[in-house]
Structures are given as C-alpha cells and as structure tokens.
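An overview of the molecular structure
The lines below spell out each chain.
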Amino acid sequence: MKFCGPKLSLCGIIISIWGIIQLVMMGFFYYIRSVALIEDLNISEEHKFTDPQDFYSTADKMYSLNAYNCWIAACLYIFTLVVSGHQFYMNNRNTMSL
Amino acid sequence: MGSLFRSEEMALCQLFLQSEAAYACVSELGELGLVQFRDLNPDVNAFQRKFVSEVRRCDEMERKLRYLEKEIKKDGIPMLDTGENPEAPQPREMIDLEATFEKLENELREVNHNAEALKRNFLELTELKHILRKTQVFFDEQEGGLHPTESMTRALISDDSIARQVNAGPVQLGFVAGVILRERIPAFERMLWRACRGNVFLRQAEIETPLEDPSTGDQVHKSVFIIFFQGDQLKSRVRKICEGFRATLYPCPEAPSQRREMAMGVMTRIEDLNTVLGQTQDHRHRVLVAAAKNIKNWFIKVVKIKAIYHTLNLFNLDVTQKCLIAECWVPLLDIETIQLALRRGTERSGSSVPPILNRMDTFEDPPTYNRTNKFTSAFQNLVDAYGIASYREINPTPYTIISFPFLFAVMFGDLGHGCLMFLFAGFLVLREKPLAAKKTDNEVWNIFFAGRYIILLMGLFSMYTGFIYNDIFSKSLNLFGSHWHTNYNVSTVMSNKDLQINPSLSSDYDQVPYPVGLDPVWQLALNKIVFLNAYKMKISIIIGVLHMLSGVSLSLYNYRYFKDRLSIYCDFIPQVIFLVFLFFYMVLLMFIKWVSYGPQNEFADSPACAPSILITFINMVLFKDAVALENCNTVYMFSGQGAVQKFLVIVALLCVPIMLLAKPIYIMRQQKEKHVQLVNGHATTENGDAEGAGRVVQQPPPPPAGGHDENEIGELFIHQGIHTIEYVLGSVSHTASYLRLWALSLAHAQLSEVLWSMVMTKGLILNSWIGGVWLWFVFGFWAILTVGILVLMEGLSAFLHTLRLHWVEFQSKFYKGLGYAFAPFSFEVILNTASTAVEE
C-alpha cells in the first residue's frame, strides 16, 4: 500500500531520524533538570510562588512531564520512521521495476 | 605539479603536423584536453575553410541521430548509457557511420510514412464505420418501411406542399454525411443555416471515443453529421461549406441493405488494417531498440569527429600542402605529456614524420590556467566569478578555502545548524560518484552538488563557531560547569525579579573564564545581547582588519613577482602603514582594554572607567581631547597614549600624498631623463640613428613621443588618484563593512531563539500525555522551519555577505582579475556542453 510520494517519504525519514535523536536528548536533559530549558516549562511568569519548596516541586513535576512528553514524541517518530521507511521502500521498488 | 598559488606558466607553441597524421594527433590532444588552439585564419569565412565538407557531413549525421533520438524518446524506449567513452573514430570509419545512419533514417522514415498512411486509412474507415452506425439511427427514426428519402421528405415537408408538387413529380431530397471536429459544430451549423437560408436539415451525433489524428498523434473528438437538402445548387453550396470547415465527407448509400453490406466490408477491412498496423509498429520498435543500444555511443563519436574537424579548420596550411601549422597555448609543465600524445597520434596514423612542437616568443598575455581538483574547483569558481586572475597573478583561492568558510561561520555560528549543513554536505561527498553519475537537470540540486565541499567546510566551521558562541538551536551546553554562582539567600530570591551577580566577588565568579567559548550562564542573563554585541563587534573588526592586512600583504608578493619595486615603495609600504597605524592600532586598543581592565582592579582600572574604543578612535583622528569620567583619572589606557596617537595619525595621513603622487612623479622624471638621453644620443653620433631605431624596436613597448607622453602622465595621475582615494576611503568603509559579521551573527542567533520560543516552546504547554503527540507535530513544524528559514535562507544570506567580503574587502587590496581563462580543446568539455544543450 502506497500513500506518499518519494519526496514526502524521504522527508519523513529525515525528520524522523532528526526527531528521534533530538527528542531523546531533550527528554534526557529535562530528566536531569537542565537549567537551560527552564524557560520552556509550562509555568506562567505571573505565577507567584509562596515558598521555594512550592517552586521546586512544581518545576520538578513539569520537568518530568516534559521529559516524558519528549520521549513519547520520540517514540511516535520511531513509528513515523517505520511508516515513511516502508513508503520509501515501496516507492523505490516501484521505480526499480519500471 | 602546478601550484594553486599562481596560475600555470604558459607557452605559445607552433605545431607542425603532417596532413595524414593531423587528424589522429588532434584526436589525442582532444582526449588530453591541455591545449588551447588559436584561430590562424580569423578573416576566413566559415564556409571557405578547408574541412567544411567534413563538418557539414558531421552536422548531417548529428541531425539524423537527433531524429533517431526523438523517435526513440517518443516510443519511450530506454537509451543505454554505459558511460563509456569511445575514442574518436578514424576518418574512414566516418563513411561506415554515415551509411549506418542513412540506412536507419531511411528505414525509420519509411516505416513512419507507412504507419501514417495506414493510420490515415484506419481513421477514415473508423469514421465511416461511425457514420454508418449513426446515420442508421437517423434513418431508423423515420423508418416506416418506405423508401428512406421518401420518408424523410414526408417528415420534412407538409402534406399540402407535397400535394401541390405532385404534378411536378416526387420531391427528391439529397443528403451528404460526414465527420467534423466537435468544436466546429456550432459555427458549422450557423453557417449552414445562414448560407442556405434555413433550407437544409442538419442532424448530428457525437462519436464517444476520441480518434487519433495520424499526422500529430493527438486525440481529437469528432462528430458525425448528416445534411438533407433539395436541389443541386444547395448541394454544391453545402459541399463548399463542408470543405471550408474541413469536414470529411463519406459516400453513404441510400438503401439500407447496401449500407449494411458496406458496414460489413468496413469492419473486415478495419480488422485487416489492425493486424498490419501492429506489424508495422513491431517493426518500428525493433529498429528503434536496436538503435537505442548504440545511440549514445554514436553521439559521442560524431561530436568528437566534428570537434576535430572544427579544430583542423583553425590551422594554417603549409605552402607545400604537406603539413598543417597550428598555434596553441600550452602549460609549460605539460609539454612532455603533449609530445607523448602527439607521438601516439603519429603512430596510430602510421605516418613516418614526427610532429614538431616549437616554442614561440610572444608579447601577448597568455591565458590563465589554474589547475584544480574536485576540492579546489568550487572555490576557484567563486574567485573566477568575480574575474579571472591576470596571468601569473596571486591566486586568492588557497586563502579563500579557509577564510571563506570561516567568515561564513562567524555569521552562521550555531552548532545545530552547522551540524545539519555538515551532514548534508557529508552525504553529498560520500555518495559523490553515484550522485555525479545521475546527472539531473535540477539546477538547484546541481548548484548544491557543485558546492558540496564549500558547504562541508562551512558546516564544519559553523559547528566550531557555534561551539564558541555556545549555541545549539539557540540553547547552551553546560559542558564544563558554569563559573558563575549565586549566593543570594531565599528571601532575596523570592522578593526580587532580577538579581545581579558581581564579577568582582570570588564567591560569585571563579575569576577564571569558562574553558572554551561562552559561559552558559549568559543564556539566562537579561544583558546577554549587550554582552554579546560588545564581544562580537570587536571580534568582527579584529577579523576584518587582519583579513584586509593579509590582502595588502599579498599585493607585496605580486609586486615582487612582477619586479615592480616602485610599487612596493610607493604603494605597498604607505598602504600598510596607513592600515596598521590607524586600524590595526584600534585592534591593539581592544586587546589592551580586554587585558588591563578588570572588576577586581582599583576603580581607575575597573570596567566602569574603561574608555569606549570607538570614541577614543574618533577623538584620535579628530585630534580632540576627551574628558575623563568622574573619579576616573584619565581617558587613556596607557601612559603617553595621546602623543603616540598623534604621531600615528600624522604619519598615516602623510602616507596619503605619497600614495597619491610619488609614483607618477617618479615615472615622469624617469621619462624626462630618458628623453634627454635619447636626444643627446642622436645629436652626438651620425650612425646612432640606425642603432637608436634598432634599440627602440627591440624594447617593447617603445617609449612614446612628446605630446602623447603628457597624455599618458595625466592618465597616470588620474589612475593613481582614483586608486588612492579608493584605498583610503575603502579602508574606513571596509573596516565598517566587516561589522556585518556581527550584525548577521546577532540576527541569526536572535532568529533561532525566536523560532524556538515561538514554536518549540508551544509544543510543551500541554500538561498531560497528549503533550507528547502535540510535541510530535510541533517538532516536525519546527524542524521544517529550521531548515527552511535558518539553514537555507539565513545560510544563503550569510553566504552572499561572505562572498562580498571576499570580492570587495579582500580582493580589492591585491587582485586585478584582468586575465582570460584557458579554454583547452577537450572532448570532455565539448561533450558536457553538448549533452546539456540537448537537454535544454
């Protein structure tokens, strides 16, 4: 079954590989609570924390959440890679036989 | 081997070739591709040359091959491209080739002709078949067992008029049937109505299946029509209208039985025709398949023969008609190889007399030939796009190989983007051979492929600068641990939005910088841009001044090579002094500022008291005394700076008149002296006349006389004036121009940060596992934007700015670029251009 052209499937493969590498690494950095990524946590600027403990626990929660989300996305990219790889193979086989 | 630093040394050679051996020798030289022939009969018309008939025969063969190729492509037969490169065939083989092509062409033309005739026949029969079928319907509609025309008559003409005409005999309605293009029907109908005043009756029906036009091969839609009328006059009128509308008329018998018979006959004939057509197609296919196997090979052979005869046409014929004389530019280092090739050619042709290669002396400027390989050729092309180097001039390419990617990377510094670029170019480089064999005509792809080594280096250098800027997709890496620490207590942190870290305190800052590149703490700092701007602006000016200085230094090598001592003293030295005393001094000030001001020093030496480099420089040039800031002792960075600066500016400014006047005045004086000598020589000796004349002839260029002299001096002054103004003003504007390094680098960093915070961050706002799916989508979007905007568009802009910095700021310091390129006679080049021309 073929539903993407050769260019789209190649594009899918490249983005998937890139996505897997980058998202796994981003997940890892969130997991180790990287300070550089703190701006991406879903904590609004207006949010007033009453004490440090409150902030730490919220940040901790968000860090883990983002880490897991990154890994979920990475897994989805593995799936995308398989699909576009299959499509690419189908396209190539078709051109071979022609 | 030749070096990349200067173009090859060239020699003008005279080549004597025996008539019989000339063809084989030129063929060998064409394979070698190291010889550029000069046209020795430029005033001879192309039709009056010696080998016109051969060239014409080749043209004819090419035409036939192109015809064959067109037919092969029409049938969609794959052409075998083995990539092999057959040698140019012997002249006697040409006749064989011609005969083969002639035979093939005739065969094909005949087959095509037959096929067309058959197809036309087929079309006519099909149309007739349709007519019979459709008209049958018309007739059947009115069929009452009566005579068809009679029934029509009844239908059309009211009973009373028939009754009136009874005496005159039965009304005979005639009819014609035919086929017409469907789009012509409305006009046709209207025309018929008007021309015959409504006295004709038209019925039409569409033919459902499209028919093939035999001459063009297009599919056309047609309609069947039948027209009833009365009388001969109308008949001729109707026929004329049909002709005018290109309708084809077919005889259609009136009796139904005849029609049925005719239909049967048509069907059998169509079947017969089909089998014949099939056989014709098969035959054509067989011929074409056989031709497709060899056609590429043949093309190469014919192109080679034609190129050889073209070249032979450039040669001079000896008086005895026994040998051909050629003049050619040859790289000195390759003379051995060329002689070897010539000997091979002679052996192959079986001639006994060896060819003679004679070096000639010439005053003409030889062509510029830079030997390149696949790595350097892309860089050489960048330089050549500005202007081909003058003969034996310093070639900027070797320096460009490093400075180009480096300056690019300063603007494009991002580890992530550089990595993408590097991977892409790495793929192109690793898969070089299969990709080169593919030969697409996608222009963008070809540009990328040709520049793969440039892109590779640009990517590599960008990774380095990205590492120094500590930017990877606008995020920083904390590889060695930040050297800044916060020591604020909880309550301070909780109650303040922004806090400062004091670099003078050892508890806040380690007093040792981050080992490599930028401290990652800056990513979180509010004053990141302020800090980076100061750093990047200084870096750009430092790089720029060094780049320009290296350009000026290269001009020294040019002057020394061409033994132009005057230019060294009057151009090079003042130029260097001007640049060093003003702009390199500014660079030194930057380093002094970096070294001598620190947060832990006394207040007078603390960053608060550090003077602005720009203000200092402006004051220096304007001889203005600046006022020191409060509590700071002085505006100067070291003692005696004011005096040193005055000295530097005065010396630098003194260089300007030297650049402007020294050279023309010196030349003018020299010429005057010579003039005096010459006049004296004439006066003293009687026979000096002849000697003097001889000397004048021997010394090119001869010293020009009186009035002409002054003209030239005037020109020299103007030229030198332009040159000096360009250099002096250029130094200022070019130094400022290097600030684009900072500006683009800032823009790139900001843009990637914006892209991250506007797109990627939005992918992380969902507080559940759905966020993963959302992130999957957002990441794809972000990746496409990163490649499209940051890598491609920003990369292109950085590339263009780098190109400008090299062409204008760097090369204007030493590069003339007045040469012309060496264009050797080479089959490879000719075949490449031929194949691209065919594809267009």
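Residues numbered from 1 in each chain as written. Chains lettered and ligands numbered in written order. Predicted model: local features only at pLDDT ≥ 70, side-chain atom pairs only at ≥ 80, totals over all residues. Heavy atoms only, no water.

Chain B appears in an unreviewed UniProt entry as V-type proton ATPase subunit a from Macrosiphum euphorbiae. The UniProt entry for chain B carries the following text under Subcellular location (unreviewed entry): "Membrane". (UniProt positions renumbered as here; feature names shortened; annotations may be inferred.)

We quote the UniProt Subcellular location (unreviewed entry) comment for chain A here in full: "Membrane". Annotation of chain A in UniProt includes, under Sequence similarities (unreviewed entry), the sentence "Belongs to the RNase K family."

Quick notes on the overall build of chain A
Of the regular secondary structure elements, chain A holds two helices and zero strands. Over its C-alpha atoms chain A spans a radius of gyration of 20 Å, topping by over 25% the 13 Å that the globule rule assigns to 98 residues. Overall size of chain A, expressed as C-alpha extent along the three principal axes, is 70 × 25 × 20 Å. Within chain A, contacts between residues at least 6 apart in sequence are counted, and of these 79% link residues at least 24 apart. (Helix = DSSP H or I, 4+ residues; strand = E, 2+ residues; numbered from the N terminus. Rg over C-alpha atoms; globule rule 2.2 N^0.38 Å. Contact = heavy atoms within 4.5 Å.)

A look at the UniProt feature "transmembrane region" (unreviewed entry) in chain B
Residue and element names in this part refer to chain B. Per the UniProt entry, the sites bearing "transmembrane region" (unreviewed entry) are residues 406-430, 450-469, 539-557, 569-592, 643-662 and 773-793 in this numbering. Between the end C-alpha atoms of residues 406-430 there is a gap of 23 Å, over a span that is 92% helix and 0% strand. Summarising residues 773-793: 100% helix, 0% strand, and an end-to-end C-alpha distance of 29 Å.

What about the state of the cysteines?
The bond known as a disulfide is covalent and runs between the sulfur atoms of two cysteines. Within the structure shown, the criterion is met by one disulfide over all chains. One disulfide bridge connects C609(B) with C632(B), the sulfur atoms lying 1.7 Å from each other. Its S-S torsion of approximately -90° makes the covalent link between C609(B) and C632(B) left-handed. You can see C609(B) sitting in the loop between α18 (565-596) and α19 (613-622) and its partner C632(B) sitting in the loop between α19 and α20 (641-684), a full 23 residues away along the chain. Summarising the burial analysis for this pair, C609(B) and C632(B) share the class buried. Left unpaired, C70(A) is separated from the closest cysteine sulfur, that of C75(A), by 11 Å. (Disulfide = S-S within 2.5 Å. Buried < 20%, exposed > 50% of the residue type's maximum accessible area, 1.4 Å probe, protein only.)

Section: the UniProt feature "coiled-coil region" (unreviewed entry) in chain B
When the UniProt feature table is mapped to this numbering, "coiled-coil region" (unreviewed entry) covers residues 94-128 of chain B. Taken as a whole, residues 94-128 of chain B contains 100% helix and 0% strand, while its terminal C-alpha atoms sit 50 Å from one another.

Observations regarding the UniProt feature "transmembrane region" (unreviewed entry) in chain A
Residue and element names in this part refer to chain A. Feature annotation in UniProt places "transmembrane region" (unreviewed entry) on residues 12-32 and 71-89, given in this structure's numbering. What you have in residues 12-32 is 95% helix and 0% strand, and the ends, taken at the C-alpha atoms, are 30 Å apart. For residues 71-89, helix accounts for 100% and strand for 0%, while the C-alpha atoms at its two ends are 27 Å apart.

Concerning the interface of chain B and chain A
Across the contact, 30 residues belong to chain B and 29 residues belong to chain A. Summed over the shared surface of chain B and chain A, the result is one salt bridge. A salt bridge links K475(B) to D40(A); its shortest N-O distance comes to 3.9 Å. Of all elements in the fold, only α16 (490-495), α23 (739-760) and α24 (770-810) of chain B reach the threshold of two or more residues within the side of chain B that touches chain A. The biggest single contributor to the side of chain B that touches chain A is α24(B), with twelve residues. Looking at the side of chain B that touches chain A, its residues break down into 19 nonpolar, nine polar and two charged. (Salt bridge = Lys/Arg side-chain N within 4 Å of Asp/Glu carboxyl O. Nonpolar A, V, L, I, M, F, W, Y, C, P; charged D, E, K, R; others polar.)

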